[in-house]
Amino acid sequence: MKLYFSPLACSLSSRIALYEAGAKASFVEVDLTTKRTEDGVDYRAIHPLGSVPALEIEGGEIVTENAAILQLIAERYPEAELAPRDPLGRARLQQWLSFIGTELHKAVYLPLLEKVPAEVKAHALSMADARLGWVAARLAGREFLLDRFSVADAYLFTVLNWSQVTPIDLKAWPALLEYHARLLQRPSVARAFAEERARYAREIERRAKGRSAGAEPALDTR
């Protein structure tokens, strides 16, 4: 398997899942500005929309969309127990993946990270309290979103991590702050995060050299 990713974007959750499963995979970094891989290939020839993650599997098949990739990894490595096996458990997993992807990733965090009008950012921020509060209430007294660590936790950790570069302060929701810190102690999460944070830092340095202001680029979460 080959995962196409961008440092600290939503593809981080797929890397976490692969590490958690002990899967053999290679990783190819994609510059989401130029739409080229680190070895100069036009990424749009792999995924026409140019977004990450994309997972290449046997026969050159390409799977896209974060929630689909996460569930595929869970299916391929059932011994890792990254997804429930019973129907209701799977429905709960899909519920969380859908909520994180639409109500947090796209509705709240993405506008705060992109160059959009101020009123769009204000609207996104206005939705944060209700949505993050809802998640915090369900994590109170719980270690994970479901009964054990799942691919949904990998995704939520990744999205909550973007709070560091937005006006969202997780201190307003102690359960979320504790959850994020707790997951960061998990070996698969710590490894994936450390590797991608180092790559992101190098990208910041590279881009800064090409700009007189040297400002840090916005985190691209697509």
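Only a predicted model underlies this, so the values are computations on that prediction, with no experimental measurement involved.

A. Representation of the pattern of salt bridges in the model. The tally for this structure, following the rule as stated, stands at 13 salt bridges. We note a salt bridge from arginine 44 to aspartate 42, for which the minimum N-O separation is 3.2 Å. For arginine 44, a relative accessible area of 42% gives the class partly exposed. Residue aspartate 42 is classed as partly exposed on the basis of its relative accessible area, which comes to 26%. Taking the shortest distance from any N to any O, the salt bridge between arginine 85 and glutamate 75 comes out at 3.9 Å. On the criterion of sequence distance, the pair formed by arginine 85 in the loop between α2 (66-76) and α3 (87-113) and glutamate 75 in helix α2 is long-range, its members being 10 residues apart. In this structure, a network of salt bridges that share partners links the residues Arg15, Arg191, Glu195 and Glu196.

B. Spatial organisation of helix α6 (residues 174-183). Buried residues of α6: Leu176, Tyr179, His180 and Leu183, and no others. Buried residues in α6, looked at end-on, bunch into an arc of 95°, giving them a common side. Buried-residue contacts for α6 involve α4 (118-139), α5 (151-161) and α7 (187-209).

C. Spatial organisation of the packing of aromatic side chains. Per the stated rule, a full pass over the model turns up 8 aromatic pairs. Note on tyrosine 109 and tryptophan 162: the rings are 6.2 Å apart at their centroids and 70° apart in plane angle, and the pair reads as edge-to-face. In this pair, tyrosine 109 is assigned in helix α3 and tryptophan 162 in the loop between α5 and α6, connecting sequence segments 53 residues apart. The exposure class of tyrosine 109 is buried, given its relative accessible area of 0%. Overall, tryptophan 162 belongs to the buried group, its relative accessible area being 0%. An angle of 90° between the planes, with centres 6.1 Å apart, marks the rings of phenylalanine 157 and phenylalanine 193 as edge-to-face. A residue pair is termed long-range when its members are at least 10 positions apart, and phenylalanine 157 in helix α5 and phenylalanine 193 in helix α7 qualify at 36 residues. We note that phenylalanine 157, like phenylalanine 193, is buried.

What counts and how
Residues numbered from 1 in each chain as written. Predicted model: local features only at pLDDT ≥ 70, side-chain atom pairs only at ≥ 80, totals over all residues. Heavy atoms only, no water. Salt bridge = Lys/Arg side-chain N within 4 Å of Asp/Glu carboxyl O. Buried < 20%, exposed > 50% of the residue type's maximum accessible area, 1.4 Å probe, protein only. Helix = DSSP H or I, 4+ residues; strand = E, 2+ residues; numbered from the N terminus. Arc of directions from axis to C-beta. Contact = heavy atoms within 4.5 Å. Phe/Tyr/Trp six-rings, centres within 6.5 Å; stacked < 30°, edge-to-face > 60°.

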